[in-house]
Structures are given as structure tokens and as C-alpha cells.
Amino acid sequence: MLSSAAEAPNRAPDPPGGETISYAQVATATSNWELLEVRPISPGTERIVSFANQKGGVGKTTTSVNLAAALALRGHRVLVVDVDPQSNATTGLGIDHRGLEASTYDVIVNGASADDVIRPTGIKGLDCLPSSPDLAGAEIELVEVAARERRLAEALDGSLSGYDVVFLDCPPSLGLLTVNALAAAHDLIVPVQCEYYALEGLGQLMGTAERVQAGLNGELRIAGFVLTMYDARTRLSSQVADEVRRHFGDSVFGTVVPRSVRLSEAPSFGEPVLTLDPSSRGALSYRLLASEFESRFELATHVPAPPPSKAGPAHEEPAVKTATPGPEGRGYGVIAPPPGDLESAWPREQPWSKR
Ligand SMILES: Nc1ncnc2c1ncn2[C@@H]1O[C@H](COP(=O)(O)OP(=O)(O)O)[C@@H](O)[C@H]1O
Ligand SMILES: [Mg+2]
């Protein structure tokens, strides 16, 4: 019990079970970091960003896939490296891991060339280095291998020419795969779900990142925190968002990703929501996040016209939308309209608008 109501009068209510979220510990863990250091990407060099949080289900994959798609649709060349044996980023981008000859596993364990494994996706400018379930064995198989924490960094070094941004989608643990991703990255972005226990465990994540920075990758920086699954109908979401901002200030991205049915449906179509339903709230939030990402990283912007909306003009919300097929032939079907009360799920007062 590190924090108390007296120290943090505005903190989110105690989670059920009487445990207190140790915000003070998190704040101490992050105080050593120079948060939000602006390091523009030099032309011709890719920026490698890890999306990590050892908690599962906080939006790492959803954020890496949809932010990547949004950046690609804005004209950037983007690669998503799936570092999770669950392969959710791979399937979410329309690649069936069952038919793969090689995957992240071969790159990390067998020394395969990343170039040979990278696959295009259905979105121009967006490629994927797909993962497969055998990646789960990598942690054990690499036990005896020298420099096992830098396998991914070494594999990616020199094979990424042509990309502006490379996203590494981490598994929900702080094991060897996440350490490999942090050792290979310039920046760490932490998706934080607007839920109970939102900050729990962040101290450990910061500690791991700090050890990686000290021992393996002096370039690693924390580039920010992204609030996900914000539900404006609950006071809890806004309390958690306030609490995260109070502790991490400007390092929290101004864009808040709302809880959205479309975002959770998109993976089953093998397509990011950006192309599946460009006018949905989820797609809008990731486009906003992409423009914020561009300005934070000073990515040169060359913004093409928005993709034609399969769902009609943005201001119209047709009652029923028919999805087009995903890249692997999936995606036939009808998407039910969101329940009416989800109208209120988008935060009306976006924090950045107050600045
Ligand atoms: N903003 C959101 N609104 C609704 N569902 C979401 C949202 N973000 C993620 N999800 C869903 O929550 C689940 C966990 O998200 P995911 O991105 O896979 O988390 P992680 O990669 O951190 O484990 C998935 O089923 C995903 O579709
Ligand atoms: Mg994931």
C-alpha cells in the first residue's frame, strides 16, 4: 500500500479486494527517465517503436496495428513486427500464420533474414513481419545462446531500409521476447487501459526498460503513454485518465482511444478498422493519434487524401454496413450498428483541446 487517499486525493477509487494501486511507486520508477525527449527521425532512418505492457488486453496490438495503418494511409512506409506468439497483429493484418513458411521465430531463433520473412498487407505502404505460435518456444530455446537479448536487434539491423517507422508489438510479459523488442527499439510506447489496476505493474515495466537501457540499448526512451478503451459513460475511465495524466503529464498522448465495438470487431475481418470502417470513432481516434505521433516524432508529413469510406461519408452513420472481404478472403458479412448508448463513449472534452 504505497499510496494513500491523503497523498493522492484524486486518484481512482480503490479496486475491489482492498488493494491499492501503487502510483507513487510508478512515479518514482519513471522519474529517472527523460520523458518525451524530442528526437526527430533523420531522413533515411527508420524509427523503431516498441508497444509494451506486460498486462494482456490493454490495447498493445490494437494500437500498433491501427496506428501503423493510419500512418501508412498518411503516406509513411510502416512495418509491424509481431513479437507475440499469439500472432494477433499478424492475423489482424490479414495474414494467416498457419500458412507461413517463416516467421519472427525464424528471424530470432534461426537467424533468418527479416527481409525474406516480411510480407505485404492489404494496405499500401504497410508491411508485416508475421509471428507464429512456435515463437512461444524461443524463450527456452535461446537459454544457452550468447547475447540472446539482442537477437531481434541484430536481425533488424540493416534489414529495414525503406521504412519510416517500425512498430514492435510485444507479448503480455516482461520475458525475453519483450526484452528483445526493447533492446531493438528507439522508443517505448505504453498503452494504458482506462480500467481498474491501470497503472499496476508499470513500475516493473519501467524497471525492465531501465535495465535494458543501462545494459543493452542506451538509445531507448519512453515516448509516451496511450490511454485506451476510454468509456465516457463511466466515471472510472475519466478518473483513471486524470490519474495517469497527473503522474505522467505531457508524456501521455493527448488522443484518447475510446472503447469501440468496431475496434474489437476489426481483427476478425483481418483488417485494421482504418480500412474496415474509416468513419468509425475508433478509426478517427487512431487517425488523430497518427497526426499526434507525426508531430511528436517530427515525421515529415505527406498526407494523401483520406481513403474512400466503405461506409459512406463520415457524417452519415448508415444503420447497417456491409463489410468488404479482408485480404485472406475473410470479411464477408454484415456489421451490426453500435448500440445507441455508445454515442456517449467518445470523450466530449478532449484533453488537448484545452491546451
Ligand atoms: N478501444 C477499444 N475498444 C474496444 N475493444 C478494444 C479496444 N482496444 C482493444 N480492444 C479489444 O480488446 C482486446 C485486447 O486488445 P489487444 O489490442 O489485443 O490487447 P493486447 O495486445 O494488449 O493484449 C481485443 O479483443 C481487442 O479487439
Ligand atoms: Mg497483443
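This text goes with the structure placed above it.
Heads up: these notes are all about the structure in this document. These numbers come from a predicted model, not from an experiment. (Residues numbered from 1 in each chain as written. Chains lettered and ligands numbered in written order. Predicted model: local features only at pLDDT ≥ 70, side-chain atom pairs only at ≥ 80, totals over all residues.)

**Regarding unusual backbone geometry**
A negative phi holds for most residues other than glycine; trans holds for most peptide bonds.
Okay, step 1: Residue Ser87 is not a glycine yet carries a positive backbone phi of 60°.
Okay, step 2: By the element assignment, Ser87 lies in the loop between β2 (78-82) and α3 (88-92).
Okay, step 3: By C-beta crowding, Ser87 is classed as buried, having 23 other C-beta atoms within 10 Å.
Okay, step 4: One non-glycine residue with positive phi stands out, namely Met229, at about 55°.
Okay, step 5: Structurally, Met229 can be placed in strand β7 (residues 221-230). (Helix = DSSP H or I, 4+ residues; strand = E, 2+ residues; numbered from the N terminus. Buried ≥ 20, exposed ≤ 12 C-beta atoms within 10 Å, placed from the backbone.)

**Looking at the packing of helix α8 (residues 176-184) against helix α9 (residues 202-215)**
Okay, step 1: Two elements in contact, α8 and α9, have axes whose closest approach is 10 Å; the angle formed by their N-to-C orientations is 55°. By the angle between their axes, α8 is oblique relative to α9. In the crossing of α8 with α9, the sense of the turn from one axis to the other is right-handed. Seen from α8, the contacting residues are Val179, Leu182 and Ala183; seen from α9, they are Thr208, Ala209 and Val212. (Axes fitted to C-alpha atoms, helices over the stretch in contact; angles between N-to-C directions. Parallel < 35°, antiparallel > 145°, perpendicular 65-115°, else oblique. Left-handed = near helix turned anticlockwise from the far one by under 90°. Contact = placed C-beta atoms within 7 Å.)

**Brief notes about the environment of Leu100**
Okay, step 1: Here Leu100 is to be found in the loop between α3 and α4 (104-109).
Okay, step 2: Taking the C-beta count within 10 Å as the criterion, Leu100 has 18 such neighbours and is therefore assigned partly exposed.
Okay, step 3: Apart from the residues within four sequence positions on either side, Leu100 is in contact with Pro130 and Ser132.

**A short note on the sheet that holds strand β5 (residues 165-169)**
Okay, step 1: The strand order across the open sheet formed by 8 strands is β3-β4-β2-β5-β1-β6-β7-β8, and the pairing between neighbours is mixed. Each of the sheet's edge strands pairs with one partner strand only, and the pair in question is β3 (119-120) and β8 (252-258).
Okay, step 2: Inspection of the sheet shows strand β1 (residues 47-51) paired to strand β6 (residues 187-193) by 3 bridges, in the parallel sense. Across the sheet, residue Ser50 finds its bridge partner in β6, namely Leu188. (Pairing = 2+ DSSP bridges.)

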